[in-house]
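Tertiary structure, described
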Amino acid sequence: MSDKVLIAGCGDVGNALATRLLADGCEVWGVRRRVEALAEAVRPWRIDLTEPRGFDAPPAAFDYVFYTASADRRDEDQYRSVYVDGLRDLLGALRTAGCPLQRVFFTSSTAVYGQDDGAWVDEDSATVPPRFNGRVLLEAEAIIRDAPETGINVRLSGIYGPGRTRLVRKVWKGEATATDSWTNRIHVDDCAGALHHLMRLEHPEALYLGSDDEPVTTADVVSWLSTELGVPAPPAGQTQQTERLNKRCLNARLRETGYRFEHPTFREGYRLIVREFLSQSG
Ligand SMILES: NC(=O)c1ccc[n+]([C@@H]2O[C@H](COP(=O)([O-])OP(=O)(O)OC[C@H]3O[C@@H](n4cnc5c(N)ncnc54)[C@H](OP(=O)(O)O)[C@@H]3O)[C@@H](O)[C@H]2O)c1
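This report concerns the structure included in the present document. (Residues numbered from 1 in each chain as written. Predicted model: local features only at pLDDT ≥ 70, side-chain atom pairs only at ≥ 80, totals over all residues. Heavy atoms only, no water.)

Comments concerning the overall build of the protein
Helix and strand counts for the protein stand at eight helices and 13 strands. In terms of overall size, the protein behaves like a compact globule, its C-alpha atoms giving a radius of gyration of 19 Å where 282 residues would be expected to give roughly 19 Å. Structurally, the protein occupies a C-alpha span of about 60 × 40 × 35 Å along its principal axes. Relative to its 282 residues, the protein shows a buried fraction of 54%. (Helix = DSSP H or I, 4+ residues; strand = E, 2+ residues; numbered from the N terminus. Rg over C-alpha atoms; globule rule 2.2 N^0.38 Å. Buried < 20%, exposed > 50% of the residue type's maximum accessible area, 1.4 Å probe, protein only.)

Structure follows, in structure tokens:
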């Protein structure tokens, strides 16, 4: 019998994951409010994750859950309601309904780390988040860590991919500055690829850092992008104090599971994005 998988908050990462799972023969259900934006062949479950009254009747006996919702607004109440309450209430409802859950996943963020001096961080590093978003995400991680099922938290760094062209546009318009702060990113294909890989891994750990092979300074990324785009190199600038970027994420644990990145660095990932951007800006 095919595995029944629920992707709660089925947006960019969720849809990319769904496509992989469908190719495996899984029965894939996606939760979101705009179900018309689900990838083809994903079965819709239209609920609002912040309205638990809607969870009473899960449409299938789910074996796996990926909680990949993201908050609409950057305020603490909204964050807590989507990441903590929504996650807890959904899992509670699925258990009450008798779903034979095997593994539950949560896509957390490297915002849980407070290091801002260029230090390397991994799954064992201290998590002293400087802001509410990281603190709320740690609360959500605890729900997964304490789950009776196999719970797996994946801390993703900055997600980029097709359609996410903010940085490319900034460089194109001459609005980027080259700063020496470290940044970390992961292509949406690798978010999906890594989650898919961890779903099938025989003995997974409870926590993974999901970031590509190469932390890179903002200066290096924007200068590379400017060359690819054929525009002048961005001028040197100061990192805004409010940015709090500047750590280096180590993905050794994920790579040791045998996962191979489709886009090991920003160069492979951005090449196609730049090409498409140029063909549209033309
Ligand atoms: N963006 C980053 O750089 C980054 C970094 C680290 C971690 N993450 C995490 O990675 C995960 C996947 O990110 P993504 O880029 O795939 O996000 P995304 O494209 O924004 O997808 C998230 C989906 O959640 C749905 N959603 C939000 N609130 C909901 C609600 N109340 N009820 C039902 N559905 C709801 C939205 O669909 P509707 O609007 O149709 O409901 C949206 O499509 C998220 O958990 C995010 O927090 C992101």
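Quick notes on the pattern of salt bridges
According to the stated counting rule, one finds 18 salt bridges in the structure shown. A salt bridge links Glu 76 to Arg 80, with the shortest nitrogen-to-oxygen separation between them at 3.3 Å. With Glu 76 and Arg 80 both in helix 2 (residues 76-96) and four residues apart, this pair spans about one turn of that helix. For Asp 85, the salt bridge is made with Arg 88, and the minimal N-O distance between the two is 3.4 Å. Within this pair, Asp 85 and its partner Arg 88 are both found in helix 2, separated by three residues, close to a single helical turn. The class for Asp 85 is partly exposed, based on a relative accessible area of 25%. Counted as one network, the salt bridges with shared partners bring together Asp 3, Asp 24 and Arg 200. (Salt bridge = Lys/Arg side-chain N within 4 Å of Asp/Glu carboxyl O.)

Concerning a positive patch on the surface
Taken together, the side chains of Arg 166, Arg 169, Lys 170 and Lys 173 define a basic patch exposed on the protein surface. Checked against the element boundaries, Lys 170 lands in helix 4 (residues 166-172). Under the relative-accessibility criterion, Lys 170 is labelled partly exposed at 33%. (Patch = residues over 30% accessible without salt bridge, like charges linked within 9 Å, V, L, I, M, F, W, Y side chains within 5 Å. Areas by Shrake-Rupley, 256 points an atom, 1.4 Å probe, with all protein chains shown as cover. Lys, Arg positive; Asp, Glu negative; His and termini not counted. Charge placed at Lys NZ, Arg CZ, Asp CG, Glu CD.)

As for unusual backbone geometry
Phi angles above zero are rare outside glycine, and Ala 41 is one such case at about 75°. Tracing the sequence through the fold places Ala 41 in the loop between strand 2 (27-31) and strand 3 (43-45). Relative accessible area serves as the criterion here: at 55%, Ala 41 is assigned to the exposed category.

Considering the site of the ligand
Around the ligand lies a shell of 23 residues, among which Val 13, Arg 33, Ala 69, Tyr 83 and Arg 164 are the nearest. Within the contact set of the ligand, an oxygen atom lies 2.9 Å away from a backbone nitrogen or oxygen of Arg 34. Those elements that place two or more of their residues in the shell around the ligand are helix 1 (12-23), strand 5 (103-109) and strand 8 (158-160). With three residues, the single largest contributor to the shell around the ligand is strand 5. For the shell around the ligand, the per-class residue count stands at seven nonpolar, ten polar and six charged. (Near = heavy atom within 4 Å. Polar contact = N/O pair within 3.5 Å; in protein donor to acceptor, adjacent residues only side chain to side chain. Nonpolar A, V, L, I, M, F, W, Y, C, P; charged D, E, K, R; others polar.)

Observations regarding the sheet that holds strand 4 (residues 64-67)
Spatially, the seven strands line up as an open sheet ordered 3-2-1-4-5-7-11, and their pairing is parallel. Edge strands, defined here as strands with exactly one partner in the open sheet, are strand 3 and strand 11 (207-210). The sheet shows a mean angle of 20° between the axes of neighbouring strands, taken without regard to direction. Looking at chain direction, strand 7 (residues 150-156) and strand 11 are connected through four bridges and run parallel. Directly across from Asn 153, in strand 11, lies its bridge partner Leu 207. The sheet contacts of helix 3 (residues 132-145) involve strand 5, strand 7 and strand 11, and relative to strand 5 the element is tilted by about 165°. Across the face of the sheet, helix 5 (residues 188-200) comes into contact with strand 1 (4-8), strand 4, strand 5, strand 7 and strand 11 while running at roughly 150° to strand 5. (Pairing = 2+ DSSP bridges. Axes fitted to C-alpha atoms, helices over the stretch in contact; angles between N-to-C directions. Contact = heavy atoms within 4.5 Å.)

Considering the pairing of strand 2
For strand 2, the buried fraction is high: five of the five residues fall into the buried class. The alternating pattern of strand 2 places Glu 27, Trp 29 and Val 31 and Val 28 and Gly 30 on opposite faces, both of which are buried. Traced from strand 1 through helix 1 to strand 2, the parallel crossover comes out right-handed. Looking at chain direction, strand 2 and strand 3 are connected through three bridges and run parallel. (Right-handed = clockwise from strand over helix to strand, strands pointing away.)

So, the packing of helix 6 (residues 218-229) against helix 8 (residues 266-281)
Running from N to C, helix 6 and helix 8 cross one another at 40°; their axes reach a closest spacing of 10 Å. In this view, helix 6 runs oblique relative to helix 8, as classed from their interaxial angle. With respect to the hand of their crossing, helix 6 and helix 8 are arranged in right-handed fashion. Here Asp 220, Val 221, Trp 224, Leu 225, Glu 228 and Leu 229 of helix 6 lie close against helix 8, whose contacting residues are Phe 266, Arg 267, Tyr 270, Arg 271, Val 274, Phe 277 and Leu 278. (Parallel < 35°, antiparallel > 145°, perpendicular 65-115°, else oblique. Left-handed = near helix turned anticlockwise from the far one by under 90°.)

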